[in-house]
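The chain contents come next:
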Amino acid sequence: MLFHSTRYQAAPVSFREATLQGLAPDGGLWIMNEIPRMSNAWLRSFTKQSFHNIAYDVAWNYMSDDIEADTLRNIIEETFTFPMPLQKVGNCNVLELFHGPTLAFKDVGARFMARVMGHFAKNRSQELIVLAATSGDTGGAVAHAFYDVPHTRVFILYPCGKVTPMQERQFTTLGRNIVALEVDGTFDDCQELVKQALQNSELRTSLLLASANSINIARLIPQSFYYFWAFTQTTDPTLPVVYSVPSGNFGNLTAGIIAKKMGLPVHRLIAATNINDVFPDYLQTGRFASRASVATVSNAMDVGNPSNFVRLLDIYGNSVERMREDITGFSFSDEKTVRMMRQCCEEHDYLFDPHGAVAMLGLRAYREAHEERINGIALATAHPAKFARSVERAIGKSIPIPETLLQLSTEKKQVISVANSLENIREVLLRR
Ligand SMILES: *Cc1c(COP(=O)(O)O)cnc(C)c1O
């Protein structure tokens, strides 16, 4: 399988190249040349399969040219070491994707990508140097994803004094192959340094460099596995299945569309956003107008220019009409999100984080607008304890904090302070 750039100004590449490059050289995002349909026999029988078997069969379509069968199996088994249960909440189902090491669904994509990259580095007999800039949250996910993955070393650049102590501990206490670089500058400076380092010819000739940004195709594909998995857990698959996806950059929704195109019998996907509603707006008007993001309680979805929009356009041949056949968009205020958290706690004794609550609102809104009976599945993308303050304020009482979060505060930080200069970063990278 080859992958092309959404801008069509770069030659198509293998899965290996697309993963190691991250962004295409023309500035586009890599996307598979075709989305193959699983065989009818497979689609009739996958509901009896394990998560690992489903993941393997889906991934094989895209990776068989680049990864041997046994290796792909190992990568899948090492990535998916945590459960993804489907819970009944009222007349809805909730797919809990937050039982990984950083308690958010981004563990799925990041852990898979880290192992794939480590494997590709092994074949080049050189350690892979992974660079990532973070303003807070992604640092932890990337650090945990690559932690102890052979043939990789990760440098996390973060702005000194501008991330919360809890966020900082998530990527500064691991040690081993994870190096935290505290930059005397802003998040934009960190991003710029990563960009410059990746383009620096001296570094590129002496090191095998990659970036761990969220647009990597190796993060997107594994997210399609759990759409199949959730379907196997539903009690009544004869009703039309509707997935509600809390969305920011739309990687999660794009993965759901890929699952649907592969033959998963999805009736519809709901793109549920907070008031950063560029995409629901596009579905309604046919015009895409990016704008500056606005801060909300579901802050991982505060995105004003969703990066995966170009992949959706590519999949749907630039047709908003065809997109509307598969996707319904809704956006919700913080007030509604908070009310939903409180209501689910009171009526069903179920705790949503603000992002999961937006997904639940999406299902409710869809039900109100349509007469038909559906089998609704809301994707819960973060553990409520990760957003404890917002949740506690919404429900008016304190909530239990899992051991993994509590432990963090006692671990020792390991940090290298660097100036805001490429020269300084270059020294650190070459010194090792
Ligand atoms: C990143 C994130 C989202 C949004 O996912 P996209 O793939 O960017 O649409 C939703 N919820 C949480 C908790 C996230 O961290």
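Each remark here, short or long, concerns the structure printed above.
Bear in mind that the values here come from a model prediction, so they are computed numbers and not experimental data.

About the thresholds
Residues numbered from 1 in each chain as written. Predicted model: local features only at pLDDT ≥ 70, side-chain atom pairs only at ≥ 80, totals over all residues. Heavy atoms only, no water. Helix = DSSP H or I, 4+ residues; strand = E, 2+ residues; numbered from the N terminus. Buried < 20%, exposed > 50% of the residue type's maximum accessible area, 1.4 Å probe, protein only. Lys, Arg positive; Asp, Glu negative; His and termini not counted. Salt bridge = Lys/Arg side-chain N within 4 Å of Asp/Glu carboxyl O. Polar contact = N/O pair within 3.5 Å; in protein donor to acceptor, adjacent residues only side chain to side chain. Pairing = 2+ DSSP bridges. Axes fitted to C-alpha atoms, helices over the stretch in contact; angles between N-to-C directions. Near = heavy atom within 4 Å. Areas by Shrake-Rupley, 256 points an atom, 1.4 Å probe, with all protein chains shown as cover. Nonpolar A, V, L, I, M, F, W, Y, C, P; charged D, E, K, R; others polar. Contact = heavy atoms within 4.5 Å. Disulfide = S-S within 2.5 Å. Phe/Tyr/Trp six-rings, centres within 6.5 Å; stacked < 30°, edge-to-face > 60°. Lys NZ or Arg CZ within 6 Å of the ring centre and 35° of its normal. Arc of directions from axis to C-beta. Parallel < 35°, antiparallel > 145°, perpendicular 65-115°, else oblique. Left-handed = near helix turned anticlockwise from the far one by under 90°.

Caption draft 1: Main features of the side chain of Asp 353. Relative to the assigned elements, Asp 353 resides in the loop between α16 (334-348) and α17 (354-369). Although buried, Asp 353 forms no salt bridge, and the nearest oppositely charged side chain, Lys 386, lies 9.1 Å from it. Here the side chain of Asp 353 touches His 355 through a polar contact of 2.6 Å, side chain to side chain. Of note is the side chain of Asp 353, whose polar atom sits 2.8 Å from the backbone nitrogen of Gly 356.

Caption draft 2: Representation of the sheet that holds strand β13 (residues 415-418). The strand order β8-β5-β6-β7-β13 describes an open sheet built from 5 strands, whose pairing is parallel. Strands with a single pairing partner mark the edges of an open sheet, and in this sheet they are β8 (208-211) and β13. Each strand of the sheet is rotated relative to its neighbour by a mean of 25°, with strand direction disregarded. By the bridge criterion, 4 bridges tie strand β5 (residues 128-133) to β8 in an arrangement that is parallel. Of the residues in β8, the one forming a bridge with Leu 128 is Leu 208.

Caption draft 3: Spatial organisation of the site of the ligand. Taken together, 14 residues form the shell around the ligand, and within it Lys 106, Gly 248, Asn 249, Phe 250 and Thr 381 come nearest. The backbone of Gly 248 places a nitrogen or oxygen atom 2.8 Å from an oxygen atom of the ligand. Within the complex, 92% of the 380 Å² of free accessible area of the ligand lies under protein. Residues that form the shell around the ligand fall into these classes: 6 nonpolar, 7 polar and 1 charged.

Caption draft 4: The arrangement of the environment of Phe 46 in detail. Mapped onto the elements of the fold, Phe 46 is located in the loop between α2 (40-45) and α3 (51-63). Taking the C-alpha atoms as reference points, Phe 46 and Ala 110, 64 residues apart in sequence, are found 25 Å from one another. Ignoring any residue separated from it by four or fewer positions in sequence, one finds Phe 46 in contact with Ile 54, Phe 228, Phe 231, Thr 232 and Leu 264.

Caption draft 5: Quick peek at the state of the cysteines. For the structure on display, the rule yields 0 disulfides. Among the cysteines around Cys 190, which has no disulfide bond, Cys 160 carries the closest sulfur, lying 9.8 Å off. For Cys 190, a relative accessible area of 0% translates into the label buried. Left unpaired, Cys 345 is separated from the closest cysteine sulfur, that of Cys 344, by 8.9 Å.

Caption draft 6: Fine view of the packing of aromatic side chains. By the definition in use, this model includes 22 aromatic pairs. Look at Trp 42 and Phe 228: their rings are 5.6 Å apart centre to centre, the planes differ by 80°, and that puts the pair in the edge-to-face class. One end of the pair, Trp 42, is in helix α2; the other, Phe 228, is in helix α11 (residues 225-233), and 186 residues separate them in sequence. Of the two residues examined, Trp 42 and Phe 228, each falls in the buried class. Ring geometry for Tyr 282 versus Phe 309: centroids 4.8 Å apart, planes at 80°, classification edge-to-face. Taken as a pair, Tyr 282 in helix α13 (residues 278-285) and Phe 309 in helix α14 (residues 309-315) lie far apart in primary sequence, 27 residues in all. By relative accessible area, which is 6% here, Phe 309 ends up buried. Joined through ring pairs, the aromatic side chains of Phe 51, Phe 80, Phe 112, Phe 225 and Trp 229 make up one cluster. Directly above the ring of Tyr 56 sits Arg 73, whose terminal nitrogen or CZ lies 4.0 Å from the centroid.

Caption draft 7: Spotlight on helix α4 (residues 69-79). When α4 is considered as a whole, its buried residues turn out to be Thr 71, Leu 72, Ile 75, Ile 76 and Thr 79. For α4, the angular spread of the buried residues around the axis is 135°, confining them to a single face. Of the surrounding secondary structure, the elements contacted by the buried residues of α4 are α3 and α5 (106-123).

Caption draft 8: Region of the structure containing the packing of α16 against α17. Packing of α16 against α17 leaves a shortest axis separation of 9 Å and a crossing angle of 85°. Of the possible angle classes, the one that applies to α16 and α17 is roughly perpendicular. Between α16, through Lys 336, Thr 337, Met 340, Met 341, Gln 343, Cys 344 and His 348, and α17, the contact on the second element is made entirely by Pro 354, Ala 357, Val 358, Met 360, Leu 361 and Arg 364.

Caption draft 9: Region of the structure containing the sheet that holds strand β9 (residues 241-246). Strand order across the open sheet formed by 6 strands is β3-β4-β12-β9-β10-β11, with mixed pairing between neighbours. For this open sheet the edge positions go to β3 (86-89) and β11 (327-331), each flanked by a neighbour on one side alone. Direction aside, neighbouring strands of the sheet carry axes that sit 25° apart on average.

Caption draft 10: Looking closely at the packing of α5 against helix α6 (residues 137-146). Where α5 meets α6, the closest approach of the two axes is 8 Å, and the angle between their N-to-C directions is 45°. As far as their axial angle goes, α6 and α5 are oblique. Helix-helix and strand crossings are classified by hand; for α5 and α6 the assignment is right-handed. Only Ala 141, Ala 145 and Phe 146 of α6 make contact with α5, whose side of the interface consists of Ala 110, Arg 111, Met 113, Ala 114, Arg 115 and Met 117. Counted by class, the contact of α5 with α6 contains 7 nonpolar, no polar and 2 charged residues.

In short, geometric facts, not functional conclusions.
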